[in-house]
Amino acid sequence: MADSTKTKLQVSAIKNGTVIDHVPARHLFKVISILGLEHITTQITFGTNLESKKLGYKAIIKLSEVFFKDKDINKIALIAPHAKLNIIKNFKVTEKRDVQVPDQITGIAKCGNPNCITNNDKVNTVFYVQPKDKEKVALKCHYCEKITDPEDMEVF
Amino acid sequence: MKNKSLISINDYSKEDIIRTLDLAEGFEKNPNQKLLEGKVIATLFFEPSTRTRLSFESAINRLGGKVIGFASKDSSSVQKGESLKDTIKTVSNYSDLIVMRHPLEGSARYASEVADVPVINAGDGANQHPTQTMLDLYSIRKTQNSLENLNLFVVGDLKYGRTVHSLLMAMAYFQTSYHFVSPPELRIPEEYKMFLQKKKLDYHEHTDFSDIISDADIIYMTRIQRERFSDPMEYEKTKNSYVLENTMLEGTKDNLRILHPLPRVNEINEDVDNSNKAYYFPQALNGVFTRMAIMSSILGLQ
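Here the structure is a predicted model, which means the values were calculated and not measured.

Enquirer: Describe the environment of Phe91(A), listing the residues and the values that go with them.
Expert: All names here are of chain A. You can see Phe91 is positioned in the loop between strand E4 (84–89) and strand E5 (92–98). Along the primary structure Phe91 and Ile14 are separated by 77 residues, whereas in three dimensions their C-alpha atoms are 6.2 Å apart. What Phe91 contacts, discounting residues up to four positions off in sequence, is Ile14 and Lys15.

Enquirer: I'd like a rundown of the pattern of salt bridges, residues and numbers included.
Expert: Residues and elements named next belong to chain B. Within this structure, the stated rule accounts for 21 salt bridges over all chains. Arg141 is the salt-bridge partner of Glu25, the closest N and O atoms lying 3.1 Å from each other. Within this pair, whereas Glu25 is found in helix H1 (residues 14–29), its partner Arg141 is found in helix H5 (residues 130–144), the two being separated by 116 residues in sequence. Ionic pairing is found between Asp217 and Lys253, a salt bridge with its closest N-O pair at 2.9 Å. Here Asp217, found in the loop between strand E7 (203–206) and strand E8 (218–221), pairs with Lys253, found in the loop between helix H8 (232–239) and strand E9 (257–259); they are 36 residues apart in sequence, far enough to count as distant. With a relative accessible area of 5%, Asp217 lands in the buried category. Linked through salt bridges whose partners overlap, the residues forming this network are Arg187, Glu190, Lys193 and Glu205.

Enquirer: A description of the sheet that holds strand E2 (residues 66–70) of chain B should follow, citing residues and the corresponding values.
Expert: All names here are of chain B. Read from one edge of the open sheet, four strands run E2-E1-E3-E4, paired in parallel fashion. The open sheet has two edge strands with one neighbour each: E2 and strand E4 (119–124). Looking at each pair of strands side by side, their axes are set apart by 15 degrees on average, direction ignored. Note: strand E1 (residues 40–45) against E2, five bridges, orientation parallel. Pairing of Ala42 across the sheet is with Ile68, part of E2. Against the sheet, helix H4 (residues 107–114) makes contact with strand E3 (97–102) and E4, and its axis sits at roughly 160 degrees relative to E4, the strand it touches most.

Enquirer: Summarise the sheet that holds strand E6 (residues 177–181) of chain B; cite the residues concerned and give the values.
Expert: Residue and element names in this part refer to chain B. Ordered by their spatial adjacency, five strands build an open sheet running E7-E6-E5-E8-E9, and the pairing between neighbours is parallel. Among the strands making up the open sheet, the edge pair consists of E7 and E9. Strand-to-strand twist across the sheet, computed as the mean angle between neighbouring axes with direction ignored, equals 20 degrees. Note: E6 against E7, four bridges, orientation parallel. Bridge pairing links Val181 to His206 in E7.

Enquirer: Tell me what's going on with empty space enclosed by the protein, and back it up with residues and numbers.
Expert: Residues and elements named next belong to chain B. Applying the stated criterion to the full structure yields one cavity of 30 Å³ or more. In this model, the largest cavity occupies a volume close to 70 Å³. If you trace the largest cavity, you find it lined by Arg223, Ile224, Tyr235, Lys239, Tyr242, Val265, Asn266 and Glu267.

Enquirer: How would you summarise the packing of aromatic side chains if you had to cite specific residues and measurements?
Expert: Residue and element names in this part refer to chain B. Within this structure, the stated rule accounts for six aromatic pairs over all chains. When the centroid spacing of 5.2 Å and the interplanar angle of 85 degrees are considered together, the rings of Phe46 and Phe70 count as edge-to-face. Of this pair, Phe46 sits in the loop between E1 and helix H2 (51–62) while Phe70 is found in strand E2, placing the two residues 24 residues apart along the sequence. Judged by relative accessible area, Phe46 falls into the buried class, the value being 6%. Measuring from centroid to centroid gives 6.2 Å for Phe180 and Tyr203, while their planes differ by 45 degrees, and the two rings are tilted. In this pair, Phe180 sits in strand E6 while Tyr203 sits in strand E7, placing the two residues 23 residues apart along the sequence. Relative accessible area serves as the criterion here: at 2%, Phe180 is assigned to the buried category. Taken together, the ring pairs in this structure connect Tyr178, Phe180 and Tyr203 into an aromatic cluster.

What counts as what
Residues numbered from 1 in each chain as written. Chains lettered and ligands numbered in written order. Predicted model: local features only at pLDDT ≥ 70, side-chain atom pairs only at ≥ 80, totals over all residues. Heavy atoms only, no water. Helix = DSSP H or I, 4+ residues; strand = E, 2+ residues; numbered from the N terminus. Contact = heavy atoms within 4.5 Å. Salt bridge = Lys/Arg side-chain N within 4 Å of Asp/Glu carboxyl O. Buried < 20%, exposed > 50% of the residue type's maximum accessible area, 1.4 Å probe, protein only. Pairing = 2+ DSSP bridges. Axes fitted to C-alpha atoms, helices over the stretch in contact; angles between N-to-C directions. 1 Å grid on protein atoms, 1.4 Å probe; cavity = no way out; pocket = protein on both sides within 12 Å on 5 of 7 lines; lining within 4 Å. Points joined across faces, edges and corners; volume = space filled by probe spheres on them. Phe/Tyr/Trp six-rings, centres within 6.5 Å; stacked < 30°, edge-to-face > 60°.

The following block contains the structure:
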């Protein structure tokens with residue numbers, strides 16, 4: 001409870017839109033590029049390095065007048081599997097959503113293998129998301145068949 | 001399998017593998033069947049190779065087909081900066097099937113997606129070399145009369161060796177017991193161990209290569225390459241620890257056969273060549289029959 005009060009004090013409320021909470025602080029900028037937030041013209045507030053019991057340090061993103069489709073928001077599940085979405089209508093949370101790891105991701109991340117064709121020719125990357133253990137997933141490149149760890153992945 | 005590219009050994013099911021091996025057996029009995037008459041096959045080797053290219057070309061010629069292509073990137077438009085996509089699109093117009101070797105991993109999968117004709121991967125970097133795997137399987141089945149329940153010892157560079165990775169995956173269809181023998185730096189990668197665990201198959205890792213081969217049915221030797229070591233002294237120390245010598249074959253099983261994808265450097269001592277357990281030269285010949293089988297089934301002629 002104390003935690004969420006503090007967060008509210010640090011990041012101002014929005015009237016309509018989406019709040020993405022529980023993003024690991026170290027991945028905030030990757031989440032921004034995956035979602036293409038640099039192209040959005042409505043008001044966005046970022047908070048980062050906020051203390052979190054679960055994540056150590058978390059980030060929060062408040063987007064005014066922006067609502068995501070599942071297939072778009074699920075792309076961040078690779079690096080922010082515990083992210084929570086709060087859909088805000090008229091200052092009230094009307095819906096809470098979790099993110100789900102997709103089976104396949106296309107054109108977001110760079111293959112970690114420098115000798116992969118996707119890093120040498122104009123080829124869109126395709127990865128199959130495979131379970132590594134209970135918590136983590138691994139990305140298997142459709143082309144070179146090598147594994148990229150989402151923790152190390154570079155976003156285009 | 002008709003019109004289906006062969007890029008990764010995973011593209012073939014157990015039934016596909018057995019069907020191809022049976023076909024290859026037919027070609028061994030009667031290699032001069034003019035099944036490819038009127039067909040043009042492109043062999044695009046962006047990276048040099050002796051055995052693979054010549055055995056493909058020998059297979060095509062024996063089956064009455066025509067070969068076009070190049071043996072190194074220096075004699076192609078890649079020199080002028082042409083992209084792989086454009087080369088493949090162009091060659092698709094001139095041929096019924098493309099056989100490709102390329103130094104980049106994933107290049108063959110990509111080529112199969114842009115080509116209008118089927119593609120056979122003849123090696124893409126350190127990734128896959130499925131026709132080598134088919135000839136390895138053919139050699140194993142021929143010498144052991146079966147692929148089921150064998151003790152397979154794989155020795156040398158298990159980290160980068162593409163033939164090792166493809167063979168390991170294909171043999172998983174046949175309840176194989178695996179023994180991996182390598183220096184610590186060149187251990188079998190985690191993803192392949194995960195794969196075997198998932199299939200509930202038995203495997204053992206060894207760093208010492210002596211007195212452990214008495215129950216081996218197949219020993220698959222590979223070359224340890226100098227460039228894989230960051231420390232040249234480490235290479236010098238290691239390279240002689242994984243050499244197979246004739247004296248080591250005392251007390252091994254009668255049915256044991258030694259395979260090697262070739263070229264070899266010093267990892268099999270020449271004194272092994274005369275042993276009846278040495279099978280690496282006939283193994284290379286089997287490549288012609290298996291490649292005949294693969295090409296004629298992809299072209300729907302068998």
